[in-house]
Every structure is written in C-alpha cells, then in structure tokens.
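Fold and contact review
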Amino acid sequence: LKPRAPAQRLRRGPRRVRVGVVRNMDGSVAQSAGVFGWNYNRANFKYDQGQRWARYTTGRKMAMAQVGMFRQDVTDLAGVSMGKMKLYGPIYGIVITVCVTVFVEGRSGLKFPGPPVFISQIYLQCLACGIGFITLAMYLLFHAAMRAQVACVQLRTRKVRVPV
C-alpha cells in the first residue's frame, strides 16, 4: 500500500458550533437545567460519598483484623515456650527433689548393707552431676519462658500495633 499524496487526503471543513440553542433559551429553561444539573451531581456525590465511606471503613476493619491475626501469632509463638515451662517445670522439680534426697542420705537403699566406698563415691559424683544438669535445665527453662514473655510484650506493644 502506498501512502496517499497530500492532495488526496480528506479535507475537513471548519467545525460548526450550534449556538442557536443557547441563544433561544430563556431564563427559566436555563435555571431549570442548572437546578437539575446541581441536584443530579449532588445525588451522585452523596451516593459516591456513601460508597467511599463504606470502602474506607471496610478497609480499616480488614487492617485491624490482619493486625489482630499478627498479634495472635506473636502470642501463640511465645505461648510455646510458656507451655513447655508448664509441662517440664514440675517434672524437673520432682527429679531434683529426688536427687537431693538421695544425695543427702548418701545412698539409695538403707535396708540392705551399703556398697563398697569407691562405688558410693562414683555414684554420688554422678548424682552431683545430675543435680547440676537438672538445675541448669530448670534455669534455662525459666529463662526461656521469661524471655519469650518479654519478647511477646515488646512485639505486641512496639511492632505489631492496632492501627488507630
């Protein structure tokens, strides 16, 4: 296809604007058209404003629900360590009580003759190591639970806040 020559292009004439309609309107027609336009635009604006407010409040509700879920996740993660403390704390307490009782008495059974001294010494050394490890485990258990609680509070109050 060849491009058309400039002479062959369609020529458009000057645009003609009808001004007779505006000239022929009297004041009452123009006034009623203006009032109609005002009321029509006002009704549309009010309708749009209602939809805009509903969209805004819905978005805020969704944002608050999302932050609420984040806050619940933080609480659940910290609750794992605190739940472990509730489970293992009493067990460690019972074990250390038994170990201290046996360590104070010197041997586990008092009804029968005692074992040789070198075996009792090895036994008591192992028992002392066990007490040390159980004490360390209890310390680490309570320390982890307290750190988890502190981290939960800091995250919920500083990082994951409800949008206001």
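Structure: above.
Helix and strand content of the protein chain: three helices and zero strands. When the elements of the protein chain are put in sequence order from the N terminus, they spell out α-α-α. Put simply, the protein chain has 164 residues, and 11% of those count as buried. Restricting to contacts in the protein chain with at least 6 residues of sequence separation, those with at least 24 account for 83%.

Let's shift gears to the environment of Leu127. With respect to the helices, strands and loops of the structure, Leu127 is situated in helix α3 (residues 117-159). Between the C-alpha atom of Leu127 and that of Cys99, which follows or precedes it by 28 residues, the distance is 6.7 Å.

Topologically, Arg60 is positioned in helix α2 (residues 27-105). Looking at Arg60, the relative accessible area reads 29%, which means it is partly exposed. In the structure, Arg60 is positioned 103 residues away from Pro163 in sequence and 8.0 Å away in space, judged by C-alpha atoms.

In this structure, Val67, Val74, Ala78, Ala148, Cys152 and Val160 together form the largest nonpolar core, which totals six residues. At the level of secondary structure, the elements contributing two or more residues to this core comprise α2 and α3. Sequence-distant contacts of Cys152, defined by excluding residues within four places in its chain, comprise Val74, Thr75 and Ala78.

Turning next to the packing of aromatic side chains. Per the stated rule, a full pass over the model turns up two aromatic pairs. On the basis of an interplanar angle of 15° and a centroid distance of 6.1 Å, the ring pair of Tyr88 and Tyr92 is categorised as stacked. In this pair, Tyr88 and Tyr92 both sit in helix α2, four residues apart, roughly one turn of the helix. With a relative accessible area of 34%, Tyr88 lands in the partly exposed category.

Moving on to a nonpolar patch on the surface. Side chains of Leu87, Tyr88, Ile91 and Val95 sit close together on the surface and give an oily, nonpolar patch of about 330 Å² of accessible area. Mapped onto the elements, Val95 comes out in helix α2. Residue classification places Val95 among the partly exposed residues on the basis of a relative accessible area of 31%.

Here Arg71 is to be found in helix α2. Among buried charged residues, Arg71 stands out as having no salt bridge; its nearest opposite-charge side chain is Asp73, 11 Å away. Aside from chain neighbours lying at most four places away, what touches Arg71 is Arg156, Val160, Arg161 and Val162.

Turning our attention to the state of the cysteines. A complete count under the given rule lists zero disulfides for this structure. In this structure Cys126 is a free cysteine whose sulfur lies 6.4 Å from that of Cys129, the closest cysteine sulfur available. On the basis of relative accessible area, Cys129 is assigned to the partly exposed category, the value being 46%.

So, how was this worked out
- By convention here, each chain's residues receive numbers from 1 onward along its written sequence.
- Where local features are concerned, this predicted model is filtered to residues with pLDDT of at least 70; where side-chain atom pairs are given and counted, the filter is 80 or more; whole-chain, interface and lining totals use all residues.
- Where side-chain values are given, they derive from all heavy atoms of the structure, hydrogens and water being excluded.
- For helices the rule is a DSSP run of H or I covering at least 4 residues; for strands it is a run of E covering at least 2, with both sets numbered from the N terminus onward.
- Relative accessibility under 20% of the residue-type maximum defines a buried residue, over 50% an exposed one, and the middle range a partly exposed one, all with a 1.4 Å probe and only protein chains included.
- A contact between two residues is defined here by any heavy atoms of the two lying within 4.5 Å.
- The nonpolar core is taken to be a set of buried Ala, Val, Leu, Ile, Met, Phe, Trp, Tyr and Cys residues, with the residues joined through side-chain atoms within 4.5 Å.
- In this scheme Phe, Tyr and Trp rings, the latter by its six-membered ring, pair at centre separations within 6.5 Å, and the angle between planes marks the pair as stacked below 30 degrees, edge-to-face above 60, and tilted otherwise.
- Exposure above 30% relative accessible area and the absence of a salt bridge qualify a residue for a patch, where like charges join within 9 Å and nonpolar side chains (Val, Leu, Ile, Met, Phe, Trp, Tyr) within 5 Å.
- The accessible surface values rely on the Shrake-Rupley method and a 1.4 Å probe; as for residues, cover is taken only from the protein chains in view.
- In what follows, salt bridge is the name for a side-chain nitrogen of Lys or Arg lying within 4 Å of a carboxyl oxygen of Asp or Glu.
- Charged-residue counts in this description rest on Lys and Arg as positive and Asp and Glu as negative, His and the chain ends being excluded.
- Counting rule for disulfides: a pair of cysteine sulfur atoms within 2.5 Å.

None of the figures reported here should be taken as evidence of function without further support.
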